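An overview of the molecular structure
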Amino acid sequence: PPALDSGSVQLNPLQMSEVQKHNIAADCWVAVHGYVMDITGYLDRHSGGRQSLVALCGKDGTASFDSVSHPTSYITMMVQKRFATMKGCVGSCTTNGATVTSGSGIGTSPELTGPKATVPARECRADEPTPPAVTVTNAELQGHSTATDCWMVLGCGVYDISSYKHSGGNIVHSWCGKDGTTSFVGKHPWSYLQVMLGMGATLIGKYGGTPIGSSVGRQNPISLAEIGRHNTPKDCWSCIHGTVYELHFYLPDHDAGSAVIEPMCGEDATAYFAMAHSMEALGGLPKKGSCDNRAEQAFTEQNILDGAALVSYIILPMFFNEVILAATSPAAQDRLLRRPMAKPFKSKCLGNFLNSYVEMPLGVFFMVVWFLIVTAVLSVFWSIHYNEYYLPSFVLAGWVGRMTVYMISMATYLGTRRWSLAWVFYKISYEKTLKAHYVIGNVASIFMLVHGSMYMASFGPENLPEHQVTTAYLLLGCILVVFPFTINNFRVHYYFVFKVTHFIAPAITILGTFHILSLHVDGELGRGFWVALVWIASASLFWLGDFIYSRYDVLLRPTVVIGTPRLLPADGGPAHICVKLRKLRATLFPGAWMSVGCREAFSPLSHPFTAIVRKCGGLDREYAEVEFIFKVNEGRTWTQRLSNAIAKLSPKQPMKFFMTGPYGGGLGSLDPMKVIIFVVGGVGVTPAASLAPYLVKRGKDVYVIWSCRSASLIQHVAVEYFSNACHSYFDRLPDHRHIHYSGKGSEAHVFPPFVKTGRPDVAGVLQKAAKSAMSQDIFDLGVFVCGPNALVESTLMAADEFNADKTNAHIHVHAESFQM
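Predicted model only: the values in this text are computed from it and were never measured. (Residues numbered from 1 in each chain as written. Predicted model: local features only at pLDDT ≥ 70, side-chain atom pairs only at ≥ 80, totals over all residues. Heavy atoms only, no water.)

Within the structure shown, the criterion is met by 4 disulfides. One disulfide bridge connects C150 with C176, the sulfur atoms lying 2.0 Å from each other. Across the S-S bond linking C150 and C176, the dihedral sits near -100°, which makes this disulfide left-handed. Of this pair, C150 sits in strand β12 (residues 149-154) while C176 sits in the loop between β13 (157-160) and β14 (178-179); the two residues are 26 residues apart in sequence, bridging distant segments of the chain. For the pair shown, C150 and C176 are each scored as buried. At a sulfur-sulfur separation of 2.1 Å, the disulfide partner of C236 is C265. Taking the sign of the S-S torsion, -100° for the link of C236 and C265, the bridge is left-handed. (Disulfide = S-S within 2.5 Å. Helix = DSSP H or I, 4+ residues; strand = E, 2+ residues; numbered from the N terminus. Buried < 20%, exposed > 50% of the residue type's maximum accessible area, 1.4 Å probe, protein only.)

As structure tokens, this is what we get:
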């Protein structure tokens, strides 16, 4: 093989057996004319596509190299430009014309120093053709500056290349009437000048002028208006990083085709260019002058907009929440933070679609409206920004992509269980803000689908880096699965599939993080993406933290079944499942929401349920003990599968349960009040059963109003939790305990003596409780209502009637219905 162009190379002798070991895309060596190069980092930059080079990994690629008419000097260029790393040679390698002998270069790192991209002295080199004894001045040179009459300085000579057919296309004409030595020596050996003379070029004479710079040298920046007049493929100027470049000569030679370059014509394409290229990619392109460098200004504006989004989406809602708590009356706080926004719809289809939204408190509704307004305003600002700094074909895809980052992040912040933004900062329960999570999730899904579709439509996957295309396709696949389940009807009818989205949602934020990181150039992420990366990466940490905690909690804090799970029969109402669990090394609080799963029922961790906390764990942290009561919903539900498993396996075989939490719960904003009234129905009794004994011990006045159609459930709960656990409290104050069997055939069942039949007089109990409280100078009463819609509605009506009398007392209501 030939020596590398007048360079000095230290080469390690290699065998092809060593080259063959590096035969994959992640570790790709190839032998060309005896030289062995590591081209792993060059695969994605190859103008002929990645696959054509991957096929040569671990092989001799000389035949393929020669088939596309590459000069051997191309090997020098690849190493000089760091496209490849010289690893050694096979066969008879030469360095500076000398054959490598045994041991030569062994143990030394491959180094290559070849021709430098600087204009040499005008003394002719030994390997240059000797020009005629004619001196060409600058004035003469500049008079031959068109494609049909093209003179160019190369080394010490001036060449007429009007008839020369350049293998790289018309880009050579960009140096007509100029000194092209700098561009030439970066790509060709000096011996190639002799080759050009045999291909139509003519050596006119010796260059006698001073080196001509590659720039026109204009002192004043070229205006965007003037640049905009050069907006065609045949006359293409573009402002990139403060310099105006002529691109029309380069269009046919661009690796991804001319269609990617054409939108840059007549535009400030700095931001567009910076997404895929470093400054080095501009080397050798002809310059027309300077222009305003707006890249830094664009990046600064992007970070400002990202910061404004942080303030608008997170900081201001926290501030508004604190203002509401500090400046509004208890009645206003009830209305804003605790009560449902409207009555639920009775229609099954319409109810499934809308009821979870109308259950929002007004405060959550206003928060969602605020988020949507901020989204609309930021969308306008981002569209203006992209229209100002980016190419027209990228404007829509670009600003929608920025908004997608915010929407995914906000949906995550509101939707995680353990570390929910709403629970931690807004003091609003997980269940109530879950509806906001679904709304923002809807918007995020739409934004992501639009962004991905527009981006692919604008550029096509073949013109984008492979790693960007990979993350984009994965994101689109994930969102197509998740999007339907942000709609309530899908979530209700296909809940078993909806659970799968709990695993896909973290993947979306993680893929989104890698997708933004993939926008780097030569390993460096543009400054304009820094805050956007913080947004999406922090959302990933929210999901990962939540996900890892729940798995850690499940695996390292084992759950033990106490006794045997019980299946309560459907006697007057639905069947119920009762299971007592003990969690080691855990600390809980009364009324905690826990997720539970069962191996035998093929159930992953469930939606959080209120657990009856029998033992909190406390300081000893030895264990916490809870009881779950589930209503068996017939059909293909996990409670039905659990019921079947209990009937089949228990008590003969032990069952394996998993439990993690807590994810909220407790009294919330009602906790400071001295009088607490529980109005519960059916299985909604669990918060009362969990909290009542605890509140009695704290010295609060506690009332329990419970109506239930299931005789077995009353028999199971009433005595244990509203008698024994509260000691003699309700025996001393029987008017504080109102437990009613509302099913049929009461005479067929044996109940504790304090259980009554029929429905309780909720309004009457509230009136008596309020009068008793006022006699003790207590004027704020908390009502915790959990049950069917009818019970919630009647309780709210009774509280409103009492509050309308304008007495000194006020009934505060925290409402949770079964329409989740």
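Moving on from the coordinates now.
Attention shifts here to the sheet that holds strand β22 (residues 576-584). Read across the sheet, 4 strands follow the order β21-β22-β26-β25 without closing on themselves; strand pairing throughout is antiparallel. Across the chains shown, the open sheet's two edge strands, defined by having one partner strand only, are β21 (559-568) and β25 (612-615). If you compare each strand with its neighbour and ignore which way they point, the axes differ by 15° on average. (Pairing = 2+ DSSP bridges. Axes fitted to C-alpha atoms, helices over the stretch in contact; angles between N-to-C directions.)

Right, let's get into the pattern of salt bridges. Within the structure shown, the criterion is met by 11 salt bridges. With its nearest N and O atoms 3.3 Å apart, the salt bridge here joins R557 to D553. Assessed through its relative accessible area of 15%, R557 is described here as buried. In this structure, R614 and E720 form a salt bridge, with 2.4 Å as the shortest nitrogen-oxygen distance. Placement of R614 in strand β25 and of E720 in helix α24 (residues 711-724) is noted, with a sequence separation of 106 residues between them. Judged by its relative accessible area of 33%, R614 is partly exposed. Each member of the salt-bridge network shares a partner with another, and the members are K580, R582, R614, E625 and E720. (Salt bridge = Lys/Arg side-chain N within 4 Å of Asp/Glu carboxyl O.)

This brings us to the confidence of the model for the protein. Scored by pLDDT, the protein comes out at a mean of 78, with 79% of its residues at no less than 70. Overall, residues 1-9 carries pLDDT values under 50, and its contacts beyond four positions in sequence, including any with other chains, amount to 38 contacts. pLDDT under 50 marks residues 94-121. Its contacts with residues more than four places away, or in other chains, come to 60 contacts. (pLDDT = per-residue confidence, 0-100. Contact = heavy atoms within 4.5 Å.)

The next subject is the nonpolar core. Core analysis: the biggest nonpolar cluster contains 54 residues, and Y313, Y406, I508 and W535 have the highest contact counts within it. Secondary structure elements with two or more residues in this core: α11 (295-327), α14 (362-389), α15 (395-415), α17 (430-459), α18 (466-482), α20 (495-517) and α21 (530-556). Filtering out sequence-adjacent residues up to four positions away, Y406 remains in contact with L305, D306, A309, Y313, L378, W382 and W535. Counting 39 residues, the second-largest nonpolar core is a separate cluster that includes V683, L691, V702 and F784. (Core = buried A, V, L, I, M, F, W, Y, C linked by side-chain atoms within 4.5 Å.)

Bringing the pairing of strand β30 (residues 737-741) into the picture now. Burial within β30 is extensive, with 5 of its 5 residues counted as buried. Every second residue of β30 is oriented toward a common face, with R737, I739 and Y741 on one face and H738 and H740 on the other, all of them buried. As defined by bridge partners, strand β29 (residues 701-708) adjoins β30 across 5 bridges and the pair is classed as parallel. Within β30, the residue paired with I705 across the bridge is H738. Sheet topology note: the β30/strand β31 (residues 755-757) ladder contains 3 bridges and is parallel. Opposite Y741, over in β31, you have T757 as the bridge partner.

Let's shift gears to the packing of aromatic side chains. Within the structure shown, the criterion is met by 16 aromatic pairs. A ring pair is formed by Y313 and Y406, whose centres lie 5.9 Å apart and whose planes are at 50°; its orientation type is tilted. In this pair, Y313 is assigned in helix α11 and Y406 in helix α15, connecting sequence segments 93 residues apart. Here the two residues Y313 and Y406 agree in accessibility, since each one is buried. Between Y741 and F751, the ring centres sit 5.0 Å apart and the planes meet at 35°, which makes this aromatic pair tilted. Of the two residues, Y741 is situated in strand β30 and F751 in the loop between β30 and β31; the sequence distance between them amounts to 10 residues. One aromatic cluster is present, formed by Y313, F371, Y406, Y413, W535 and F542 through successive ring pairs. When the ring centre of Y623 is taken as reference, the NZ or CZ atom of R582 above it lies at 4.1 Å. (Phe/Tyr/Trp six-rings, centres within 6.5 Å; stacked < 30°, edge-to-face > 60°. Lys NZ or Arg CZ within 6 Å of the ring centre and 35° of its normal.)

Structurally, T610 can be placed in strand β24 (residues 609-610). A polar atom in the side chain of T610 sits 3.1 Å from the side chain of W593. Non-local contacts of T610, meaning those with residues more than four positions away in its chain, are made with G591, A592, W593, F628, T686 and P687. (Polar contact = N/O pair within 3.5 Å; in protein donor to acceptor, adjacent residues only side chain to side chain.)

Another point: the side chain of S723. Among the structural elements, S723 can be located in helix α24. Look at S723 and you get buried, because its relative accessible area is 14%. Contacts of S723, omitting those with residues within four sequence positions, involve A718, D731, R737 and F754.

The next point concerns the environment of H241. Structurally, H241 can be placed in the loop between β17 (235-240) and β18 (243-246). Residue classification places H241 among the partly exposed positions, given a relative accessible area of 22%. Along the backbone, H241 and T270 are 29 residues apart, and their C-alpha atoms lie at a distance of 5.5 Å.

The next subject is the environment of N23. Along the chain, the position of N23 falls in strand β2 (residues 23-24). By relative accessible area, N23 is classed as partly exposed at 44%. With 31 residues separating them in the primary sequence, N23 and V54 have C-alpha atoms 8.1 Å apart. Beyond its immediate stretch of four places on either side in the chain, N23 contacts C57 and G58.

So, about the packing of helix α23 (residues 686-697) against α24. Angle between the axes and distance between the axes: these two values describe a pair of packed helices. The contact between α23 and α24 brings their axes to 9 Å, and the two run at 20°. It follows from the interaxial angle that α23 and α24 lie roughly parallel. Together, A688, A689, A692 and P693 of α23 and V717, Y721 and F722 of α24 make up the contact between the two elements. Considered class by class, the residues forming the contact of α23 with α24 number 7 nonpolar, no polar and no charged. (Parallel < 35°, antiparallel > 145°, perpendicular 65-115°, else oblique. Nonpolar A, V, L, I, M, F, W, Y, C, P; charged D, E, K, R; others polar.)

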